[in-house]
Amino acid sequence: MKKTINNSNPYRLPENIAPAVYNISLRLNLKDFTFSGEETINIQVIEKTREIILHSLDLEIENASVSQNGEGQVVSKISFNKKFETAVLKFKKAIDPGDASLVLKFKGALNDKMHGFYRTSYEIKGKKTWGASTQFEATDARRAFPCFDEPSQKAEFIIDITVPKEYTALSNMPALKESVKGGLKKVVFQKTPVMSTYLLAFVVAHLESIAAVDKNGVLIKVWTTPGKKEQGGFALDVALHALPYFGEWFGIPYNLPKLDMVALPDFAAGAMENWGLVTFRETALLIDPKNSSVAAKQRVAEVIDHELAHQWFGNLVTMNWWSDLWLNEGFASYMGPKAVDHQFPEWDVWTQYIADEFISALHDDGVRNTHAIEIPVKNPYEIREVFDAISYSKGSVVCRMLEHYLGEDAFRGGLNLYLNRYRYGNAKTTDLWATLEEYSGKSVREIMASYTCQPGYPVLTVHRKNNGKISVQQKRFFFDGKSSADNLLWKVPVGLISSTSHIPVFTYLKKKNGEIKIDSAAKLSWVKINPGQSGFYRTHYSVEMWRDIVKIIGKTSKDGLSGVDKIGFIDDSIALARAGHIKTPLLFELFEMCRNETDFSVWAAIAGGMSAIDDLISGEKFHLSFKEFGMFVFREIASIIGWEEAREDGHLRILLRSLALRHIGGYGHEETIHEAKKRFLKFTEQKGLNPDLRQIVYGLVAENGSEEEFEKLLALYRATDLHEEKARLLRALSSFRKKELAQRALDFSISNEVRLQDAPILLSGVGFNPLARELAWEFLKSNWKLLIKRHHGGGFGSITRCLEVIVGGLRTSDHFKDAKKFFEVNKVPGIDRAVKKSLERICSNHEWLKRDRKHIEEWLKNK
């Protein structure tokens, strides 16, 4: 009997069955952390078959039956394939093509791993209490109910949940009816639109909410555990703006009757875009007016707008398979800032975007063990690995390039056509290209394929010629500075501005070599390639052209470069030094020229480069001289901005204060350290501390502290119930320079006092600390099995992030040999790319220091 199977990927389900409607009833037992369920799936049988294969993981299927045309039959055999995470239901009689109903009874456990259907804890009047929530992306709906758990297997869902009557139960749609019997409450929800399994969600907990209706009549609620609902006010304001904004921008209104946003005490990622029921970590949704920083406020706005953009990109139109994940995450990462900028124009979001998303994409894509945006993935482990900066940040940058190329009107109109054409369905990258080409009349696929179908990006080497032209040559950029054997080429939008014109001139470089004609080339005092950082590439200038830009880097945008162009130039220079294309001391000349800068995002780029060098040479005999240079670079801006917040200080100045004081203090500035200690002492005496200064104060006190300060910070951690404050204190606890205290922080990370979601803050924090990194590496090795059990397999890569920070920060050949040997012996599926990237970075660190050690020492000696 024929059975259609996806032969290219054995992890995909056969294509002979398609779900139409799930009717799922769930009953929770929060005392023994179990649940039971019954479901009826209306299916369409495409080809005659005696077996039905669907996904099921960590579930016990007690019985199953199928009915068709009024006749039913009980399953004859149920078997499970752990590798493919499936259940195979065999029947004695063949099931004919057409409609049928599959009925299953099952049960499972509410796990403690923050994926699938899991338990979460919180306190009510000092008593630990339990609730439950779901996290199904990417492949974990199968842990909650047997299902066809692939994004293209869309269906409608009718859910009912039975819980203790004092609990609130939420799902994607509004409650249709509730009934109470004894101590239990049954909540039946309205039918969902056609949607993918990974977007289904349930939350069961003691909850309270604040609510408002947006201008289109959509009811929006922010839900929290008891006592925290007032902290949802800012989030509610953001959602009230973003939901109508996206509806107008896309030309398609939000099409569910409600939007719930829930702050969960335990949550693996930042947030999850479940359709109509968006779930968040508390730090990504809640703002305490008295104790939250402006940085936390911005973070909340960014996360909310990212998730709400998903209600269109991802939910209404879903990628066909995880190989096109960027269609979800890249677009949400680009559209989110649009909404934030529209609501908070004073935050200068697009300059921050370059310092954050754009640079993040360049950094992650500059290693050999990167991957293309469009990448074949087969199994759950491979799928989890692509939830990274390539899918998010590089995907976002590609969207930005598209809009620059097409123009906003054509980009917006093309997306409207795309969303309407594939609404409630699935699409591939080629579908998007075709739709944009159809609407705009421009070639899209030919230009963009080089950025989505191949890994990496080019570096353009440019020289001024005497004939009024600029020569341009492209090759793939690697942080190790070596050449590529693949000879990849990109279609590069090469733009330039100059001292005589800030109006960009563009040409396309389609071959390895090219030229740009400039009529007045001989009279130009400087030329900047890639104005506005509109292209995804780096620029390697001749020494003369580089120095011409350095001369004007400290000027205002009116007389020199914009903040965006400064960031691009600074980060390119840092990357080129790391790769060996320029000498590292040239960066010191650049940083010196930036001392009068006042733009927060530009300073963020400077600080990032300085920190990379500081980390690289930690332990070298000339390290103290570099710290003195660091104080010199930050002294003026720190002095100007000071500790005291003025009434007229705006959002960006407050962020700049935090950055400047943290870095000058980190380089050893005694007055700054003393002031931090003084303010910390007052805070411990209940005299208050500005939330925008707490991370600075805590961090500097820890870096220069002893066991006494460790105990005080630990006491503050234990006393607060604000997750934002707990995270600040964990970062501080990981910053102590004394090894015995760093070890305490590591041990604390696996204690019962630290939530599973927060342990990576401590692990990565100690890993970032160059004086304790080797200690973190030994801890990682000694506790490898425990850490894998606790943090691996949840879908958001917390263990891989820790690994890349800790291992990727090592820098000797002995470290490389040790790490390589360890991971050869301790193989774990789903971390291969992270291991390779980390080993590659060890080599890159080693070569950078080996190559430039003497040059750095000599420059600092002569300073």
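Computed from a predicted model, the values in this text were never measured in an experiment.

J.: How should the overall build of the protein chain be read in this particular structure?
T.: Within the protein chain one finds 26 helices and 29 strands. In terms of C-alpha radius of gyration, the protein chain reaches 28 Å, essentially the compact-globule figure of 29 Å for 863 residues. When the backbone C-alpha atoms are referred to their principal axes, the protein chain occupies close to 90 × 65 × 60 Å. In the protein chain, which comprises 863 residues, the proportion classed as buried is 62%. Excluding contacts between residues fewer than 6 apart, the proportion of contacts in the protein chain whose partners are at least 24 apart in sequence is 71%. Of the roughly 33,600 Å² of accessible surface on the protein chain, 49% is carried by carbon and sulfur atoms.

J.: In this structure, what is going on with the nonpolar core? I would like to understand it.
T.: In a soluble, globular protein the nonpolar side chains are often hidden away together inside. Counting 299 residues, the largest nonpolar core has Leu-102, Phe-145, Phe-246, Met-261, Trp-322 and Phe-591 as the members making the most contacts within it. Take this core: its biggest share by element is 11 residues, from helix 1 (residues 233-250). If we ignore the near neighbours within four places in the chain, the residues touching Trp-322 are Glu-137, Ala-138, Thr-139, Pro-151, Tyr-198, Val-377, Ile-383, Val-386 and Phe-387.

J.: Sorry, what's going on with the sheet that holds strand 6 (residues 77-81) here?
T.: Working definition: the strands of a sheet are paired by backbone hydrogen bonds and lie parallel or antiparallel to each other. Ordered in space as 3-7-6, the three strands form an open sheet in which the pairing is antiparallel. Two strands bound the open sheet, and with one partner strand each, they are strand 3 (49-55) and strand 6. Each strand axis lies, on average, 25 degrees off the axis of its neighbour in the sheet, ignoring direction. Two strands pair when backbone bridges link them, and strand 3 and strand 7 (residues 86-95) are joined in this way by six bridges, in the antiparallel orientation. When the sheet's bridge partners are listed, Ile-52 is paired in strand 7 with Leu-89.

J.: Looking at this structure, how should I read the pairing of strand 4 (residues 59-68)?
T.: On any regular strand, side chains alternate: one points to one face of the sheet, the next to the other face. Bridge analysis of strand 4 against strand 8 (residues 98-109) gives eight bridges, and the strand direction is antiparallel. Looking across to strand 8, one finds that Ala-64 is bridged to Leu-104. As paired strands, strand 4 and strand 5 (residues 71-74) are joined by four bridges and run antiparallel to one another. Across the sheet, residue Ser-67 finds its bridge partner in strand 5, namely Gly-72. The antiparallel pairing of strand 4 with strand 5 creates a hairpin that spans two residues between the two strands, and Asn-69 there sits at a positive phi of about 55 degrees.

J.: Can you walk me through the packing of aromatic side chains in this structure?
T.: Scanning all chains against the criterion turns up 57 aromatic pairs. Aromatic side chains Phe-313 and Phe-331 sit 4.3 Å apart centroid to centroid with 5 degrees between the ring planes, which places their arrangement in the stacked category. Of the two residues, Phe-313 sits in the loop between helix 2 (294-309) and strand 21 (317-319) while Phe-331 sits in helix 3 (residues 326-343), which places them 18 residues apart along the sequence. Each member of the pair, Phe-313 as well as Phe-331, carries the same accessibility label: buried. Seen in terms of ring centroids, Tyr-334 and Phe-411 are 6.3 Å apart; in terms of plane orientation they differ by 70 degrees. Their pairing is edge-to-face. Taken together, the residues span a long stretch of sequence, with Tyr-334 in helix 3 and Phe-411 in helix 7 (residues 408-422) at a distance of 77 residues. Both residues of the pair, Tyr-334 and Phe-411, belong to the buried class. A cation sits over an aromatic face here: Arg-119 above Trp-130, 5.8 Å from the ring centre. Its end group placed over the ring of Tyr-717, Lys-726 keeps NZ or CZ at 4.0 Å from the ring centre.

J.: Explanation requested: the sheet that holds strand 9 (residues 116-124) in the structure shown.
T.: If you trace the four strands from one edge of the open sheet to the other, you get 9-10-15-12, paired in antiparallel fashion. Each of the sheet's edge strands pairs with one partner strand only, and the pair in question is strand 9 and strand 12 (168-171). On average, adjacent strands in this sheet sit at an angle of 15 degrees to one another, irrespective of strand direction. Here nine bridges tie strand 9 to strand 10 (residues 127-135), and the two strands are oriented antiparallel to one another. Pairing of Gly-116 across the sheet is with Gln-135, part of strand 10.

J.: Honestly, unusual backbone geometry in this entry has me stumped. Any pointers?
T.: Negative phi values dominate among residues other than glycine, just as trans dominates among peptide bonds. Geometrically, the link from Glu-137 to Ala-138 is a cis peptide bond, its omega value of 10 degrees lying close to zero. Inspection of the secondary structure puts Ala-138 in the loop between strand 10 and strand 11 (156-164). Of note in the backbone geometry, Asp-58 takes a positive phi value of approximately 60 degrees without being a glycine. Here Asp-58 falls in the exposed class, since its relative accessible area comes to 58%.

J.: How do you make sense of the packing of helix 13 (residues 600-616) against helix 15 (residues 651-666) when you look at a structure like this?
T.: When two helices pack together, their arrangement is given by the angle between their axes and by how far apart the axes lie. The N-to-C vectors of helix 13 and helix 15 enclose an angle of 20 degrees; their axes lie 10 Å apart at closest approach. Relative to helix 15, helix 13 is oriented roughly parallel. Regarding helix 13 and helix 15, the two cross each other, and that crossing is left-handed. From helix 13, Phe-600, Trp-603, Ala-604, Ala-607 and Ser-611 reach across to helix 15, where they touch Leu-652, Leu-655, Leu-656, Leu-659 and His-663. Residues belonging to the contact of helix 13 with helix 15 are distributed by class as follows: eight nonpolar, two polar and no charged.

J.: What exactly am I supposed to notice about the environment of Arg-679 here?
T.: By the element assignment, Arg-679 lies in helix 16 (residues 670-684). With 72 residues separating them in the primary sequence, Arg-679 and Ala-607 have C-alpha atoms 24 Å apart. Apart from residues lying up to four places away in sequence, Arg-679 is in contact with Trp-643, Glu-644, Leu-689, Leu-693 and Val-697.

What counts, and where the lines are drawn
Throughout, residues of each chain are indexed from 1 in the direction in which the sequence is written. Only residues with pLDDT of 70 or above have their local features reported here, since the model is predicted, and side-chain atom pairs are shown and tallied only from 80 upward, although totals for entire chains, interfaces and linings are computed over all residues. Only hydrogens and water are set aside when side-chain values are computed; all heavy atoms of the structure are taken into account. Under the DSSP-based scheme used, a helix requires at least four consecutive residues in state H or I and a strand at least two consecutive residues in state E, with every element numbered from the N terminus. This radius of gyration counts C-alpha atoms alone. The globule rule is 2.2 Å times how many residues there are, raised to the power 0.38. Remark: exposure states derive from per-residue accessible area (1.4 Å probe, protein chains only) relative to the maximum for the residue type, with buried under 20%, exposed over 50%, and partly exposed in between. In what follows, a contact means two residues having at least one pair of non-hydrogen atoms within 4.5 Å. Note on areas: Shrake-Rupley, 1.4 Å probe, and residue coverage restricted to the protein chains presented here. Buried Ala, Val, Leu, Ile, Met, Phe, Trp, Tyr and Cys residues form a nonpolar core when they are joined through side-chain atoms within 4.5 Å. A pair of strands counts as paired when DSSP detects no fewer than two bridges linking them. The axes are straight lines fitted to the C-alpha atoms, using for helices just the contacting stretch, and the angles between their N-to-C directions are given from 0 to 180°. Only centres within 6.5 Å qualify two rings of Phe, Tyr or Trp (six-membered ring in Trp) as a pair; their planes then separate them into stacked at under 30 degrees, edge-to-face at over 60, and tilted for everything else. In this analysis the charged atom, NZ for Lys or CZ for Arg, is taken to sit over a ring once it is within 6 Å of the ring centre and within 35 degrees of the ring normal. Angle categories are assigned with fixed cut-offs, so that under 35 degrees is roughly parallel, over 145 is roughly antiparallel, 65 to 115 is roughly perpendicular, and the rest are oblique. Note: crossing handedness is left-handed where the near helix turns anticlockwise from the far helix by less than a right angle, and right-handed where it turns clockwise. Side-chain classes are defined by residue name, with Ala, Val, Leu, Ile, Met, Phe, Trp, Tyr, Cys and Pro counting as nonpolar, Asp, Glu, Lys and Arg as charged, and the others, Gly among them, as polar.

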